[in-house]
Amino acid sequence: MEQEQAVVVRPSREADVDAMLAIYRHHIRRGVEEGVDDADTPQPDDLRERRKNLKSRRFPHLVATRGEVVVGYAYVVLFRKRPAYRYSVKHSIYVHHAHLGQGIGRHLMRGLIDACAAAGFRQMIGYIDADNTASLTLHEKFGFVRVGHLPGVAYRYGRWSDSVMVQRSLGPGATTPPPPLPLSTR
């Protein structure tokens, strides 16, 4: 019996871009019906630049691998661009469709939470399709709470779908002043 390779979560590399883009494109194409223009789908250079930008600003950008194969990736961006929100991030996690249900999202979530906390961020926020039970369950297991419901914000496959906003604290209570962040993230 062949032993399954361990999942390793690590910072993304330039060489991971094509694999990440393939994962992303699959999920985007799956998210809307045939005939909808997906011309805004990023190109390899777009993703390379975005990744470089995030990493230079010390925002976590991670991949999960099995052996040498990228099976998922995760990253954060600022929740809002105004300075008052500099300690809050919005996250995204994408898992290769052939590896769904194998714990990849769990590994990426743990790595992302740890990396965000270590970077001094205080809040993580996510938006999840209300029909994505697996993602909602994963977030709940990691201490995210539902803080918002956005009815009918996406149109896919001939119907309107809702989004759920989730949030998780990474730091101490509301009265504790934040630690200083490096100038590059301000």
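Being a predicted model, the structure only gives us computed values, none of them experimental. (Residues numbered from 1 in each chain as written. Predicted model: local features only at pLDDT ≥ 70, side-chain atom pairs only at ≥ 80, totals over all residues. Heavy atoms only, no water.)

### Brief notes about the side chain of histidine 91
Consideration 1: In this fold, histidine 91 is placed in strand E4 (residues 88–95).
Consideration 2: Given the relative accessible area of 6%, histidine 91 is considered buried.
Consideration 3: A polar contact of 2.8 Å, which involves the side chain of histidine 91, links it to the side chain of histidine 139.
Consideration 4: If we skip the residues at most four places from it in the chain, histidine 91 touches Tyr75, Val76, Met109, Leu112, Met124, Ile125, Gly126, His139 and Phe144. (Helix = DSSP H or I, 4+ residues; strand = E, 2+ residues; numbered from the N terminus. Buried < 20%, exposed > 50% of the residue type's maximum accessible area, 1.4 Å probe, protein only. Polar contact = N/O pair within 3.5 Å; in protein donor to acceptor, adjacent residues only side chain to side chain. Contact = heavy atoms within 4.5 Å.)

### Considering the packing of aromatic side chains
Consideration 1: Counted by the stated rule, this structure contains six aromatic pairs.
Consideration 2: Judged by centre distance (5.3 Å) and plane angle (80°), the rings of tyrosine 24 and tyrosine 94 are edge-to-face. With a gap of 70 residues between them, tyrosine 24 in helix H1 (residues 17–31) and tyrosine 94 in strand E4 connect regions that are remote in the sequence. Like tyrosine 24, the residue tyrosine 94 is buried in the burial classification.
Consideration 3: Plain terms: the ring middles of phenylalanine 79 and tyrosine 85 are 6.1 Å apart, the flat faces sit at 70° to each other, and that makes the pair edge-to-face.
Consideration 4: Judged by its relative accessible area of 37%, tyrosine 85 is partly exposed.
Consideration 5: Through successive ring pairs, a cluster of aromatic residues spans Tyr24, Tyr73, Tyr75 and Tyr94.
Consideration 6: Above the face of the phenylalanine 79 ring, arginine 80 is positioned so that its terminal group lies 4.3 Å from the ring centre. (Phe/Tyr/Trp six-rings, centres within 6.5 Å; stacked < 30°, edge-to-face > 60°. Lys NZ or Arg CZ within 6 Å of the ring centre and 35° of its normal.)

### Some thoughts on helix H4 (residues 133–141)
Consideration 1: Those residues of H4 not exposed but buried are Ser135, Leu136, Leu138 and His139. Viewed along the axis of H4, the buried residues span an arc of 160°, placing them on a single side of the element. Away from its buried face, by an angle of more than 90 degrees, H4 presents the exposed residues Thr133, Ala134 and Lys141.
Consideration 2: Residues of H4 that are buried make contact with E4, helix H3 (104–118), strand E5 (123–129), strand E6 (145–156) and strand E7 (159–169).
Consideration 3: One or two positions beyond H4, positive phi appears at glycine 143, with a value near 85°. (Arc of directions from axis to C-beta.)

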